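Understanding the architecture of this molecule
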Amino acid sequence: MIPAFFPNGTQGVYHGGMGRGSYIGVFDSGVGGVSVLKRLTELMPHERFVFYGDSAHAPYGDKPTDWVLHRSRLIVDGMRESGAKAVVIACNTATSVAAATLRAESPDFPLIGIEPALKPAALAAHHDRILVMATATTIRLDKFHRLAREYGSRSDIVTVPCRGLADLIETGDLDGRAMRDLLERYLSPYRGTIDGVVLGCTHYPFVAKQIRAIVGDVPLYDGGPGTARQTRRLLEAADALAPASQEGGIEFRSSNNTPQQLELYRRFYRMPLD
Ligand code: DGL
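I will try to describe carefully the structure that is included in this document. All values derive from a computational prediction rather than experimental measurement. For every chain, the first residue of its written sequence is number 1, and the numbers climb from 1 along that sequence. Residue-level local features of this predicted model are given only where pLDDT is at least 70; pairs of side-chain atoms are given and counted only at 80 or more, and the full residue set underlies all totals for whole chains, interfaces and linings. To obtain the side-chain values, all non-hydrogen atoms of the structure were used and water was disregarded.

Moving on, we get to the overall build of the chain. Helix and strand content of the chain: 11 helices and 9 strands. When we talk radius of gyration, it's over C-alpha atoms, and the globule rule is simply 2.2 Å times the number of residues to the 0.38. Scaling as 2.2 N^0.38, a compact globule of 274 residues should have a C-alpha radius of gyration of about 19 Å, and the chain matches this with 18 Å. Along the three orthogonal principal directions, the C-alpha set of the chain runs to about 50 × 40 × 35 Å. Burial classification: accessible surface area is computed with a 1.4 Å probe over protein chains only, and a residue below 20% of its type maximum counts as buried, one above 50% as exposed, and the rest as partly exposed. Counting all 274 residues of the chain, 57% fall into the buried class. Sequence-distant contacts, at least 24 apart, represent 78% of the contacts inside the chain between residues at least 6 apart. Only the protein chains shown count as covering a residue, and every accessible area follows the Shrake-Rupley method with a 1.4 Å probe. A total accessible area of about 11,700 Å² is found for the chain, and carbon and sulfur atoms account for 50% of it. Placing the 31 positive and 30 negative side-chain charges of the chain at their respective mean positions leaves the two points 0 Å apart. Strands here are runs of E lasting at least two residues and helices are runs of H or I lasting at least four, both read from the DSSP assignment and numbered beginning at the N terminus. Here a residue-residue contact requires only that any non-hydrogen atoms of the pair lie within 4.5 Å. Under the counting rule used here, the positive set is Lys and Arg, the negative set is Asp and Glu, and His together with the chain ends is not counted. Working definition for charges: the position is that of NZ of Lys, CZ of Arg, CG of Asp or CD of Glu.

Below you can see the structure in the form of structure tokens.
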């Protein structure tokens, strides 16, 4: 278990506790980004991470895009100005809405986004029909349309905007009746007719087991591991990886800065992922 190295419980978007350029910022609308954080810490155990969940404003998927851009800018700028050496947008929705704009605003700063893992799903053998679960915003925006055009010739792509699912995952009750009912509603029409499922929202890997219980034993594709590899590649290229002598760590922060919220992030961090 990676130790926490920041004092907990401070307010605001972020104010740094370490020297300049010493940590990797990771953010999401809420707890979902923890699924990406896990991949990042597995791959780069010597790095120091600050995870920021914007749970007071979740979900992003139902919000106007200019509002998601505004929140994303505030968080990324706060992290950058307080000494982050890179920021990972651990949210498909915020990436679709904000990544290109924020990169154009600070072209030299390493900003890594996540996208639905349609490419590995489409390139895998014998996948004739792929189901993409994501927020309505991710599915609606250009970024996804471009991706679907690029890989849509290889497989049929069926999109399912899962309104309310990230919200329900935020409650932490993953095995209750409400979760079963919601997943049944979205997924049961496809039972037995799909070859793979893309988890196009970073919250969804935490209900992989519950999704499989409905769609059957098909491969699930999550963009988290690819995002972690891309982050490492960028840091390596910039010669900015932490030395192996450094002790890694995680600081959890939230716009809903209560002990219960931070404990939820830690609980999700301890959950095994597929
Ligand atoms: N976890 C986010 C994503 O990857 C968004 C969930 C939400 O806030 O709607 O899209």
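Attention shifts here to unusual backbone geometry. Cis peptide bonds are those with omega within 30 degrees of zero, and the linkage from alanine 58 to proline 59 qualifies with 0°. Looking at the secondary structure, you find proline 59 in the loop between β2 (48-53) and α2 (65-81). Residue aspartate 239 is not a glycine yet carries a positive backbone phi of 55°. Structurally, aspartate 239 can be placed in the loop between α10 (224-237) and β9 (249-254).

For the rest of this paragraph, the subject is the pairing of strand β5 (residues 129-134). Of all the 6 residues making up β5, 5 are buried; the element is thus mostly covered by neighbouring parts of the structure. One requirement defines pairing of two strands: DSSP has to find at least two bridges between them. Of the pairings in the sheet, the one linking β5 to strand β6 (residues 156-161) comprises 6 bridges and is parallel in character. Counterpart to methionine 133 in the pairing with β6 is valine 160. Alignment of β5 against strand β7 (residues 196-199), held across 4 bridges, turns out to be parallel. Paired with isoleucine 130 across the two strands is glycine 196, which belongs to β7.

Below, the discussion takes up the site of the ligand. Around the ligand lies a shell of 13 residues, among which Ser29, Tyr60, Gly61, Thr93 and His203 are the nearest. Counted as a polar contact is a pair of N or O atoms within 3.5 Å, where, for protein atoms, one must be capable of donating a hydrogen and the other of accepting one, and residues adjacent in sequence contribute only when both atoms are in side chains. Contact between the ligand and aspartate 28: a nitrogen atom at 3.0 Å from a side-chain N or O atom of the residue. One of the side-chain nitrogen or oxygen atoms of histidine 203 is found 2.8 Å away from a nitrogen atom of the ligand. With the chains in place, 99% of the 300 Å² that the ligand exposes on its own is no longer accessible. Nearness of a residue to a molecule or strand requires only that one of the residue's heavy atoms be within 4 Å of it.

What follows deals with the packing of helix α1 (residues 34-43) against α10. Look at α1 against α10: their axes get within 8 Å of each other, and the N-to-C directions meet at 45°. The pairing of α1 with α10 is recorded here as oblique in orientation. When you trace α1 past α10, the crossing you get is right-handed. Listed contacts from α10 to Val36, Arg39, Leu40 and Leu43 of α1 are Gly224, Pro225, Thr227, Ala228, Arg229, Thr231 and Arg232. Across the contact of α1 with α10, the residue classes break down as 5 nonpolar, 3 polar and 3 charged. To obtain each axis, a line is fitted to C-alpha atoms, and for helices this fit is confined to the stretch in contact; angles are then taken between N-to-C directions over 0 to 180 degrees. The labels follow the angle: roughly parallel below 35 degrees, roughly antiparallel above 145, roughly perpendicular from 65 to 115, and oblique for the rest. Less than a right angle of anticlockwise turn of the near helix away from the far helix marks a crossing as left-handed, whereas a clockwise turn marks it as right-handed. Three classes are used: nonpolar for Ala, Val, Leu, Ile, Met, Phe, Trp, Tyr, Cys and Pro, charged for Asp, Glu, Lys and Arg, and polar for all others, with Gly counted as polar.

Glancing now at the packing of α2 against helix α3 (residues 92-105). One way to put it is that α2 packs onto α3 with a least axis distance of 9 Å and a crossing angle of 55°. Comparing their axes, α3 and α2 come out oblique. Relative to α3, α2 is oriented so that their crossing is right-handed. Contact with α2, carried on its side by Thr65, Val68, Leu69, Ser72, Arg73 and Val76, involves Ala94, Val97, Ala98, Thr101, Leu102 and Glu105 of α3 and no other residues of that element.

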